[in-house]
Every structure is written in structure tokens, then in C-alpha cells.
Amino acid sequence: MEESNSQFEQRKRDHIKIALDPRSQTEGQNGLDSIELIHEALPNLDFKEVDISTSFFLKDPVTKDSISLSSPIFISSMTAGHEQGREINEALARLSDRRQILMGVGSQRRELEDSNAAEEWNRVRRQAPKALLLGNIGIAQLIKSPIDKVQRLIESTEAIALFVHVNPLQEALQPEGTRDFRHGIEALENLVKIAGVPIVVKEVGCGFSVETLKRLENIGIYAVDVAGKGGTHWGRVEGYRSQENDLLYKVAQTFANWGISTVQSVLNAKEARVSYEIWASGGVRNGLEVAKLCALGATKVGLAKPFLEAALKGDEALEELINKLETELKIALFCTGSKNLKDLQTKRVIR
Ligand SMILES: Cc1cc2nc3c(=O)[nH]c(=O)nc-3n(C[C@H](O)[C@H](O)[C@H](O)COP(=O)(O)O)c2cc1C
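Attention here is on the structure that accompanies the text. These figures come from a predicted structure and were not determined experimentally.

### Concerning the layout of surface pockets
Thinking step 1. Taken as a whole, the largest pocket encloses approximately 440 Å³ of empty space.
Thinking step 2. Around the largest pocket, the lining is made up of 22 residues, and of these Val166, Pro168, Phe208, Thr212 and Arg215 lie nearest the centre.
Thinking step 3. Of all elements in the fold, only α7 (168–173), α8 (184–195) and α9 (210–215) reach the threshold of two or more residues within the lining of the largest pocket.
Thinking step 4. For the lining of the largest pocket, the element with the most residues is α8, which contributes four residues.
Thinking step 5. Counted by class, the lining of the largest pocket contains 13 nonpolar, six polar and three charged residues.

Written out as C-alpha cells, the structure reads:
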């Protein structure tokens, strides 16, 4: 069933409103409460020298270029292609530009059908020419779309990489969901060969098993963002879009806690011994949690809902949020005796 423009606008507005409702959060389930970093009472460090910067390697075989990032914290993919989302994206992109952090844009699905939707990125780029954007498309769209159309999504955003989201629970519970996931691995393999930018595969809040992570090995992807359970839960969000008496509302209650936690997903990646980078997100709400996930092996850590809430308030709130997150991360490094993120990854953590 093809969705009309007004249905699309309504769906996107619903997503933002419902994602902000506490009932859509699998709070306390990200697994991070069971992880403790070991306190170092006598760090051999001056706080001033603690360095949370990192890089994003473009993996260009010729130039081996990399982009410097002020921290491993990134803005998780949220919104695109609709009126309310525009201001949110512009504010987030200005933050990415000012602070040199990565930013995922929301699903660019609409651009596949309507090339005028790409105009949004011209406005974003006028305000944020140095923003480090990652494009976004769903696996179900990737499978059925001609590859040149997908390439245009990368061009329109001037993206340095592309997220492909895999979200079976969301699609199953979405009335207008696209539910044919067959040949996903082949579609990703094909995309990697011709995209010309790194490909990052992500969930949307249900995480990854050891087996799935292994299946993604050897196809050339750059990273998996586990986007595990513990924060915004897309089974819940889709469920609350339906009326209480509707079948999908009731079914969504059954799956309200479905998924693999963010911590378990990162541990699964270790067990699977994958060679691509592991990024972590899903219920991350402060810089100490960012530090815990880095200590477990994540190279980048994303947040969605906290950035959404701040973006709705404006630039100042976004600045406050990133300052808080980066300060917390720095203190976690200092108090574990880690001079930089590499040091942190060699620390023992308590589980
Ligand atoms: C309002 C909103 C819209 C989202 N839209 C997308 C999307 O278009 N594509 C995508 O890959 N993930 C999307 N996500 C999922 C997030 O990128 C992230 O994986 C998930 O929300 C968990 O992060 P959180 O717990 O920090 O919110 C969205 C999240 C929010 C809050």
C-alpha cells in the first residue's frame, strides 16, 4: 500500500511525539547498570591532558584519509523528509558542524520516491557546511531500490557514510510496514561495492545477536551500530500509534521488551570476533555510559532521544547537552586513569 504525502507527514509527526513519551522507553534494560568502571584513586594524569578525541577513517585505499572528531559521541539517526523534522535536523546539523561530531540523518526513504525532498539538505548545508552527516536508508528499501537511487541519497546529503537500518520488529508492527527482508545480506554486499562511502548497519533499539553479527562479517561493511534495547523501543512506538483496541496495539504490548540489550549486543560482537568497528547506542543517556561502552569495545557511541529533546529547545540546549556528555566522558577517563580512549579500552571493567 503506497502512503500519501499527508499520511507520511502524519506518521513522522507521530513518531516524534510518541518517541518522547516515557512509555516508549525500555528504561533500565540497556545492561549498563551492571557494568562498573574501576575507580583509580591516584591517576598519573593532569585532567587537562585527558583527550576524548577520535577519528573516522574514510578507508580510502589510496589516501587513507581520516576525519578528526572531537569525541566518539554521535547523534543517532532520527528524522528527514517532513516539515517538523526540518528544524530539528537543521539544529542538529549546526551542532555537528560547530562541534565536529558525527550526525546520522533520519530515513531518506521519501527521497527515493520524490527527488524534491532532497531540497531539505540544501538548507541544512547552507547552515552547516562542515556537518559530518551520515545518510540513512532501511534495508527493506535498499533491497527493492535501484542502486543509483540509493547513491543519490549519499550525494544529496554530501554524506561521509551511509547507515542502513535493519528493523524487523518495527516493520512488523507498523501498519504501513515494508516486511520483505529477503536477500538483505546480498543487497548490503552489493551496496558496499559501489557506494563509495563506508556503510554502517544499525538496528533501531533491538540489538544484534552473535549469529547476525557473524553473518555481517566479510561483506565489507565499515561498522555495526548495535542500537540495542534499553532506550527508545520501536516496537512500543509503532504500537502506540494504533488505537488501544487495534490488533497491532495489543501485539506490540507482547513485544514491549523484545530485543537484545545494548551491553549484550556489544559483548556479542566481541564473542563473534568481528573485524568491522562496533558502534553502540540504545538508551545511552550520559557520558559515563558512553565511557562504559567504549571500555567494552565500542569505537563510537550514539544517542537519539536526548538530542531530539534538546533540539526541540534550540541551539543552547544542544550545546549544554554536548558539554555535559563530553565533561562526563572526560571525568570517567580521568577517574579510571585513562589518558585517552585507547587507554580506556585496555581497562578492566567490573561486571
Ligand atoms: C524520533 C526518532 C526517529 C527515528 N528515526 C530513525 C530513522 O529514520 N532511521 C534510523 O535508522 N533510526 C531511527 N531512529 C532510531 C535511533 O537512531 C536509535 O537507534 C534509537 O532511537 C535508540 O536510541 P535512543 O535510545 O538513544 O533513542 C529514530 C529515533 C527517534 C527517537
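Structure's up, so let's keep going.
### Section: the site of the ligand
Thinking step 1. Taken together, 22 residues lie around the ligand, and Ser77, Met78, Ser107, Lys202 and Thr232 are the ones closest in.
Thinking step 2. In this structure, Ser77 approaches the ligand through a main-chain N or O atom, which is 2.7 Å from an oxygen atom.
Thinking step 3. Within the backbone of Met78, a nitrogen or oxygen atom sits 2.6 Å from a nitrogen atom of the ligand.
Thinking step 4. Summarising the interface, the protein chains cover 97% of the accessible area of the ligand, which totals 600 Å² for the free molecule.
Thinking step 5. Partitioned by chemical class, the residues of the shell around the ligand number eight nonpolar, ten polar and four charged.

### Observations regarding the packing of aromatic side chains
Thinking step 1. Scanning the entire structure with this criterion turns up nine aromatic pairs.
Thinking step 2. Ring geometry for Phe56 versus Tyr222: centroids 4.9 Å apart, planes at 45°, classification tilted. On the criterion of sequence distance, the pair formed by Phe56 in strand β2 (residues 54–57) and Tyr222 in the loop between α9 and β9 (223–225) is long-range, its members being 166 residues apart. Neither Phe56 nor Tyr222 differs from the other in exposure class; each is buried.
Thinking step 3. Seen in terms of ring centroids, Phe163 and Trp279 are 6.0 Å apart; in terms of plane orientation they differ by 90°. Their pairing is edge-to-face. Linking Phe163 in strand β7 (residues 161–165) with Trp279 in strand β10 (residues 277–281), this pair joins segments that are 116 residues apart in sequence. Each member of the pair, Phe163 as well as Trp279, carries the same accessibility label: buried.
Thinking step 4. Among the aromatic side chains, those forming a connected cluster through ring pairs are Phe56, Phe74, Phe163, Tyr222 and Trp279.
Thinking step 5. Positioned over the ring face of Tyr240 is Arg23, at 4.1 Å from the centre of the ring.

How each quantity is defined
- Residues numbered from 1 in each chain as written.
- Predicted model: local features only at pLDDT ≥ 70, side-chain atom pairs only at ≥ 80, totals over all residues.
- Heavy atoms only, no water.
- 1 Å grid on protein atoms, 1.4 Å probe; cavity = no way out; pocket = protein on both sides within 12 Å on 5 of 7 lines; lining within 4 Å.
- Points joined across faces, edges and corners; volume = space filled by probe spheres on them.
- Helix = DSSP H or I, 4+ residues; strand = E, 2+ residues; numbered from the N terminus.
- Nonpolar A, V, L, I, M, F, W, Y, C, P; charged D, E, K, R; others polar.
- Near = heavy atom within 4 Å.
- Polar contact = N/O pair within 3.5 Å; in protein donor to acceptor, adjacent residues only side chain to side chain.
- Areas by Shrake-Rupley, 256 points an atom, 1.4 Å probe, with all protein chains shown as cover.
- Phe/Tyr/Trp six-rings, centres within 6.5 Å; stacked < 30°, edge-to-face > 60°.
- Buried < 20%, exposed > 50% of the residue type's maximum accessible area, 1.4 Å probe, protein only.
- Lys NZ or Arg CZ within 6 Å of the ring centre and 35° of its normal.

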